Amino acid sequence: MDLVNLILLAIIPPIGILYLTTKFDKKNKSKDNIWFAFFIGLMIAAPIAWVGEYVGKNNIILDPFIKAFVLAALLEESFKFFSFKFFFFDKNKIFEPLDCLLLAGAISLGFATTENLLYVFNIGVLQGGVEGGYETAFIRMFTAIPGHATWGIVMGYLASTYKFGNKNPTDFFLYVLGVPVLLHGLYNFFIFSNNLSDIYSFILLILSVLFSYRALKNLKTNSPDEILNFDKDYNSVLSFFSNKGEGFVLKIIIYICFLVLLLLTWLIVLNLELFQS
């Protein structure tokens, strides 16, 4: 029973936040893509977790700044950023600014779900037993989970200003990736550093949540009643495997390899012995 409870405590908060964010899409046009983005986020957490596990097992001691900004923030936000850019931003899956926020946020929440499961069981339960698992789940419910959601929404908001604004695309990477890395890195650095109080992380988190909520609300209010270039069939999960354009077979192979590789990595991280006799 405790196992079921811990799993539910780990996955319900990010899924709940994702469900709430979908309510900002009043036309309900991106529902399929949002859940597909969430699935991508679930998978990309695996190789990142492997890096963290390697560092931990080999007792590699990192400076708090390097650990916060490079091992955590840069690595994690880069995976989210390139997943968002490759699967959605560059594939014309975005029809209004709000889509950027919802899709980037969904990828981030998918990542947070897998990461939360790993933290609850591989750290909470192993170090503190069942009580440690519950404590980890409850703490992260109000800290890391909303944190990942807001960093994804901030990334999407900045991407929307390039997609629908007149900004110079040459600094796209600097702002769309750099700002979430900075926010994520500062949040972790305040926690990792022995000389600073965790209250700074909490203040940064509250400000990020307020910004994200306001951005979602404003874009929902300003969302057009009708989108002229919206193609319902093209804006579905199946459209990722459609034969529109060239390279249909190549796209299928790339997507299958991508998913199989990440799934196997995810299973390895979770220490599941598939081939045990």
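Residues numbered from 1 in each chain as written. Predicted model: local features only at pLDDT ≥ 70, side-chain atom pairs only at ≥ 80, totals over all residues. Heavy atoms only, no water.

K.L.:
I'd like a description of the nonpolar core, backed by residues and values.
P.N.:
Membership of the largest hydrophobic core comes to 48 residues, with the highest contact counts inside it found for F84, F88 and V176. Residue assignment for this core shows that the elements contributing at least two residues are α2 (31-57), α3 (64-87), α4 (97-141), α5 (144-163), α6 (172-176), α7 (178-192) and α8 (199-221). Element by element, the count of residues in this core is highest for α4, at 11 residues. Membership of the second largest hydrophobic core comes to 6 residues, among which are L6, L9, A137 and M141. (Core = buried A, V, L, I, M, F, W, Y, C linked by side-chain atoms within 4.5 Å. Buried < 20%, exposed > 50% of the residue type's maximum accessible area, 1.4 Å probe, protein only. Helix = DSSP H or I, 4+ residues; strand = E, 2+ residues; numbered from the N terminus.)

K.L.:
Can you explain the packing of α4 against α5? Please cite residues and give values.
P.N.:
Close contact between α4 and α5 brings their axes to 7 Å; oriented N to C, the two are set at 165°. Taken as axis vectors, α4 and α5 run roughly antiparallel relative to one another. The interaxial crossing formed by α4 with α5 has right-handed handedness. In terms of residue class, the contact of α4 with α5 is made up of 15 nonpolar, 7 polar and 2 charged. (Axes fitted to C-alpha atoms, helices over the stretch in contact; angles between N-to-C directions. Parallel < 35°, antiparallel > 145°, perpendicular 65-115°, else oblique. Left-handed = near helix turned anticlockwise from the far one by under 90°. Nonpolar A, V, L, I, M, F, W, Y, C, P; charged D, E, K, R; others polar.)

K.L.:
Go over the pattern of salt bridges, please, and point to the residues and values.
P.N.:
Inspection of every chain in the model, using the stated rule, returns 3 salt bridges. The salt bridge involving E115 is made with R140; its shortest N-O contact spans 2.8 Å. The exposure class of E115 is buried, given its relative accessible area of 10%. The exposure class assigned to R140 is buried, which follows from its relative accessible area of 9%. (Salt bridge = Lys/Arg side-chain N within 4 Å of Asp/Glu carboxyl O.)

K.L.:
Summarise the confidence of the model for the protein chain; cite the residues concerned and give the values.
P.N.:
When the pLDDT values of the protein chain are averaged, the result is 82; 79% of them are 70 or greater. Confidence drops under pLDDT 50 across residues 272-277; counting only partners more than four residues distant or on other chains, this segment forms 2 contacts. (pLDDT = per-residue confidence, 0-100. Contact = heavy atoms within 4.5 Å.)

K.L.:
Explain α4 residue by residue, including any values.
P.N.:
Under the 1.5 Å per step criterion, the end-to-end length of α4 is only 28 Å for 45 residues, more than 12% shorter than the ideal 66 Å. Residue G128 marks the point of greatest curvature in α4, where the axis turns by about 145°. (Expected span 1.5 Å × (residues − 1). Bend = angle between axes of the 7 residues up to and from the residue.)

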